[in-house]
Amino acid sequence: MQQDLHNLFFFSLEKEKNLNNGRIQIIKSNRMLKKIPIIFLIPMLVLATSAAPVYTGEDLFEIGNGHYSQGSLDKAIEFWMQAKLADPSLSANAWYNIGLAYAGLKEYEKAVMAWNETVKLIPNSSMAYDNMGTAYGLLGMYEEAGMAYDMAIAIDPDVVKYRIDKELLLKSAPKEETPLSPLSAFLALITVLGILVRHAG
């Protein structure tokens, strides 16, 4: 059967060659060779594209949430990044969640960066500012932390958590040592000398 098709193919080419002195034969054979792969490629492409799932931004966002809840924070970040690209309306929520994932990974600088992106898109996101304050505090950047907490409190003054977070920051921040005044130094010296004289006597 294949031999018959082979002969038929060459027969039709020979017939055209005889009729047209070989010019059409070359063109036709090139066209035939170009059409054959395309005929096979089209169904393959259709199958390939129909087999690959197409995710919406919402789908990607939810997949990210699933990874986050399972503790796969890197994977969650990856899917939230894709979600905000697929659907820009998800950007603020995606950046907020990305900040949470980075904080979970103890990458506080990246968490702050993500929450900064959140407040660029939603300037009244008190939760993002509160989280930023905590991340700054963990980085030892107490002044920035205080300012972030102040923003959260200014936006939502009724949220008690923000005030508590700021108080905890103030308690944990290292106290600045102030140098003794000359009078305080003199009084401290007299006190120490008095104690030494009593013990010596």
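In short, a report on the structure. Residue numbers restart at each chain and count upward from 1, following the sequence in its written direction. Where local features are concerned, this predicted model is filtered to residues with pLDDT of at least 70; where side-chain atom pairs are given and counted, the filter is 80 or more; whole-chain, interface and lining totals use all residues. With hydrogens and water set aside, each side-chain value is computed from the structure's full complement of heavy atoms.

**Quick word on the packing of aromatic side chains**
A pair of Phe, Tyr and Trp rings is counted when the ring centres sit within 6.5 Å of each other, with Trp represented by its six-membered ring. The angle between the planes then sorts it: under 30 degrees is stacked, over 60 is edge-to-face, the rest tilted. One pass over the full model with this rule turns up three aromatic pairs. Measuring from centroid to centroid gives 6.3 Å for phenylalanine 61 and tryptophan 80, while their planes differ by 45°, and the two rings are tilted. Taken as a pair, phenylalanine 61 in helix H3 (residues 57–69) and tryptophan 80 in helix H4 (residues 73–86) lie far apart in primary sequence, 19 residues in all. Comparing phenylalanine 61 with tryptophan 80 shows no difference in burial state: the two are buried. Considering the side-chain rings of tyrosine 96 and tryptophan 115, the 6.5 Å spacing of their centres and the 50° angle between planes classify their relative orientation as tilted. Of this pair, tyrosine 96 sits in helix H5 (residues 91–104) while tryptophan 115 sits in helix H6 (residues 108–121), placing them 19 residues apart in sequence. Chaining the aromatic ring pairs together yields one cluster made of Phe61, Tyr68 and Trp80. Going along the chain from the N terminus, every DSSP run of H or I of four or more residues is numbered as a helix, and every run of E of two or more is numbered as a strand. For the exposure calls, accessible area comes from a 1.4 Å probe over protein chains only, and a residue counts as buried if that area is under 20% of its type's maximum, exposed if over 50%, partly exposed in between.

**Some remarks on a nonpolar patch on the surface**
A cluster of nonpolar side chains, contributed by Val160, Ile164 and Leu168, occupies part of the molecular surface with about 280 Å² of accessible area. Take valine 160: it is sitting in helix H9 (residues 160–172). On the accessibility criterion, valine 160 (55% relative accessible area) is exposed. Here a patch means residues that are over 30% exposed by relative accessible area and free of salt bridges, tied together within 9 Å if like-charged and within 5 Å if nonpolar (Val, Leu, Ile, Met, Phe, Trp, Tyr). Accessible surface is estimated by sampling points in the Shrake-Rupley manner with a 1.4 Å probe; for residues, cover comes only from the protein chains shown. Every case where a carboxyl oxygen of Asp or Glu lies within 4 Å of a side-chain nitrogen of Lys or Arg is listed as a salt bridge.

**Description of the nonpolar core**
For this analysis, a nonpolar core means a set of buried residues of the types Ala, Val, Leu, Ile, Met, Phe, Trp, Tyr and Cys, connected via side-chain atoms within 4.5 Å. Counting residues in each nonpolar core, the largest one holds 33 residues, and the members touching the most others are Phe61, Trp80, Ile98, Trp115, Met132 and Tyr136. Looking at this core, the elements with two or more residues in it are H3, H4, H5, H6, helix H7 (126–138), helix H8 (142–155) and H9. Beyond its immediate sequence surroundings of up to four residues, tyrosine 136 is in contact with Val112, Asn116, Met141, Glu144, Ala145 and Ala148. Any two residues whose heavy atoms approach within 4.5 Å at even a single point are treated as in contact.

Scope: geometric values only; no functional claims are made or implied.
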